[in-house]
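Geometric and topological summary
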Amino acid sequence: MPINLLPRNGTGTDRRPALRFAGEVALTLARVHELCGAARRSLAAMLAGQLLAETGGPVVWIQPAWRVERLNGEALAALADPGRFLFVYPRRPEDMLWTLEEVLRSGAVALALADLPGPPGLTPVRRLHLAAEAGAERARHHPLGLLLTPGAGGAPGVESRWQIEPDHRGRTEGGPGWQLSRRRSRLAPPKDWRLVHRDGRFRLEEIARAAAG
């Protein structure tokens with residue numbers, strides 16, 4: 001996998017490898033990030049498709065066994081190869097983060113994510129970071145960890161937080177669209193975009209933030 005260098009506040013580079021998506025979305029590998037909002041599963045599938053194209057996978061998707069909804073296979077296939085996914089369905093809430101931690105620590109996968117009912121606390125997030133770093137040291141992958149949380153999210157201690165919502169205006173322009181916001185990042189300020197899919201590619205169109213006050 002090629003190493004992408006992340007800019008650090010315009011003054012240098014962060015030498016950690018990162019996944020880049022649609023130009024400005026950058027997720028440091030061997031760390032844990034949060035995806036929230038109504039279209040968080042769609043964004044997770046987009047990122048999985050990008051990472052699979054670079055590494056070949058596999059991807060582990062952890063989802064509660066008690067949730068009746070399942071991913072739409074046809075929609076997933078439009079974004080990523082379903083054959084590279086392993087779906088895990090823990091029966092107890094406490095097993096979800098434990099499973100994610102163990103998968104990251106193994107270093108056997110390129111991407112592992114947990115579709116959670118709510119944001120975890122700071123201590124579990126720190127444990128997940130340590131597990132991802134340990135996985136990167138012991139195996140060929142630098143595992144990327146994703147926490148999928150409802151609403152506006154809010155997991156403390158994550159490397160970055162991204163919120164994505166459907167934007168139906170994009171459909172009038174010839175393709176699906178979303179509102180994507182970088183809510184938190186250790187390396188970059190908050191920012192808003194319109195994410196569109198045109199000509200077989202995902203593209204970002206910047207949206208100006210309203211002035212405070």
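For clarity, every value in this text was computed on a predicted model and none was experimentally measured.

This part covers helix 1 (residues 40-55). Between its first and last C-alpha atoms helix 1 spans 22 Å; for 16 residues at 1.5 Å apiece the expected length is 22 Å, and the two agree. Within helix 1, burial applies to Arg40, Leu43, Ala44, Ala45, Met46, Leu47, Ala48, Gly49, Leu51, Leu52 and Thr55. At the C-terminal side of helix 1, Gly56 shows a positive phi close to 85°.

This brings us to the packing of aromatic side chains. This structure, assessed with the given rule, holds 6 aromatic pairs. Where Phe21 meets Phe202, the ring centres are 5.3 Å apart and the plane angle is 50°; that geometry is what we call tilted. Here Phe202 lies in strand 13 (residues 201-207) and Phe21 lies in strand 3 (residues 18-21), a separation of 181 residues in the sequence. Centre to centre, the rings of Trp178 and Phe202 are 6.2 Å apart; their planes meet at 50°, and the pair counts as tilted. In this pair, Trp178 is assigned in strand 11 (residues 177-185) and Phe202 in strand 13, connecting sequence segments 24 residues apart. Accessibility expressed as a relative area gives 19% for Phe202, which makes it buried.

As a further point, take the nonpolar core. Among the nonpolar cores identified, the biggest contains 34 residues, and Leu43 and Leu146 are the most heavily contacted of them. With 8 residues, the single largest contributor to this core is helix 1. Excluding its chain neighbours within four sequence positions, the residues that come into contact with Leu146 are Leu27, His33, Leu35, Leu47, Leu100, Leu111, Ala112, Leu113 and Ala114. One finds Leu104, Ala112, Val125 and Leu128 within the second-largest nonpolar core, a separate group that totals 18 residues.

Relative to the elements of secondary structure, Arg40 occurs in helix 1. For the buried Arg40, which has no salt bridge, the nearest side chain bearing the opposite charge is Asp115, at an N-O separation of 4.3 Å. Dropping the residues within four chain positions of it, Arg40 is found in contact with Leu35, Asp115, Leu148, Thr149, Pro150 and Ile164.

Attention shifts here to the pairing of strand 10 (residues 160-166). Burial analysis of strand 10 places 5 of its 7 residues in the buried class, the great majority of the element. Where strand 5 (residues 32-36) meets strand 10, 3 bridges bridge the pair, whose relative direction is parallel. Note on strand 10: the bridge partner recorded for Glu34 is Arg161.

As a further point, take the side chain of His129. Structurally, the position occupied by His129 is in helix 4 (residues 122-138). In terms of polar contacts, His129 uses its side chain to reach the backbone carbonyl oxygen of Gly157, at 2.8 Å. Leaving out residues up to four positions away in the same chain, His129 has contacts with Ala30, Arg31, Val32, Gly157, Val158 and Glu159.

A word on the environment of Ser181. Mapped onto the elements of the fold, Ser181 is located in strand 11. Relative accessible area serves as the criterion here: at 9%, Ser181 is assigned to the buried category. Those residues in contact with Ser181, other than ones at most four positions away along the chain, are Arg161, Trp162, Gln163, Lys191 and Asp192. Within the structure, the side chain of Ser181 is placed 2.7 Å from the side chain of Asp192, a separation counted as a polar contact.

The next subject is the sheet that holds strand 8 (residues 111-115). Within the open sheet, the 9 strands sit side by side as 7-6-8-9-5-10-11-12-13. Their pairing is mixed. Looking at the sheet topology across the chains shown, the edges are occupied by strand 7 (85-88) and strand 13. Strand-to-strand twist in this sheet, taken as the mean axis angle between neighbours without regard to direction, amounts to 25°. Direction of pairing for strand 8 relative to strand 9 (residues 144-149): parallel, over a ladder of 5 bridges. Its bridge partner lying in strand 9, Ala114 is registered against Leu147.

Here we take up unusual backbone geometry. Located in the positive-phi region is Ala22, a residue other than glycine, with phi close to 55°. Within the secondary structure, Ala22 sits in the loop between strand 3 and strand 4 (25-28). Residue Ala30 is not a glycine yet carries a positive backbone phi of 60°. Inspection of the secondary structure puts Ala30 in the loop between strand 4 and strand 5. Under the relative-accessibility criterion, Ala30 is labelled buried at 8%.

Calculation rules
- Residues numbered from 1 in each chain as written.
- Predicted model: local features only at pLDDT ≥ 70, side-chain atom pairs only at ≥ 80, totals over all residues.
- Heavy atoms only, no water.
- Helix = DSSP H or I, 4+ residues; strand = E, 2+ residues; numbered from the N terminus.
- Expected span 1.5 Å × (residues − 1).
- Buried < 20%, exposed > 50% of the residue type's maximum accessible area, 1.4 Å probe, protein only.
- Phe/Tyr/Trp six-rings, centres within 6.5 Å; stacked < 30°, edge-to-face > 60°.
- Core = buried A, V, L, I, M, F, W, Y, C linked by side-chain atoms within 4.5 Å.
- Contact = heavy atoms within 4.5 Å.
- Lys, Arg positive; Asp, Glu negative; His and termini not counted.
- Salt bridge = Lys/Arg side-chain N within 4 Å of Asp/Glu carboxyl O.
- Pairing = 2+ DSSP bridges.
- Polar contact = N/O pair within 3.5 Å; in protein donor to acceptor, adjacent residues only side chain to side chain.
- Axes fitted to C-alpha atoms, helices over the stretch in contact; angles between N-to-C directions.

This is a description of form; function is not addressed.
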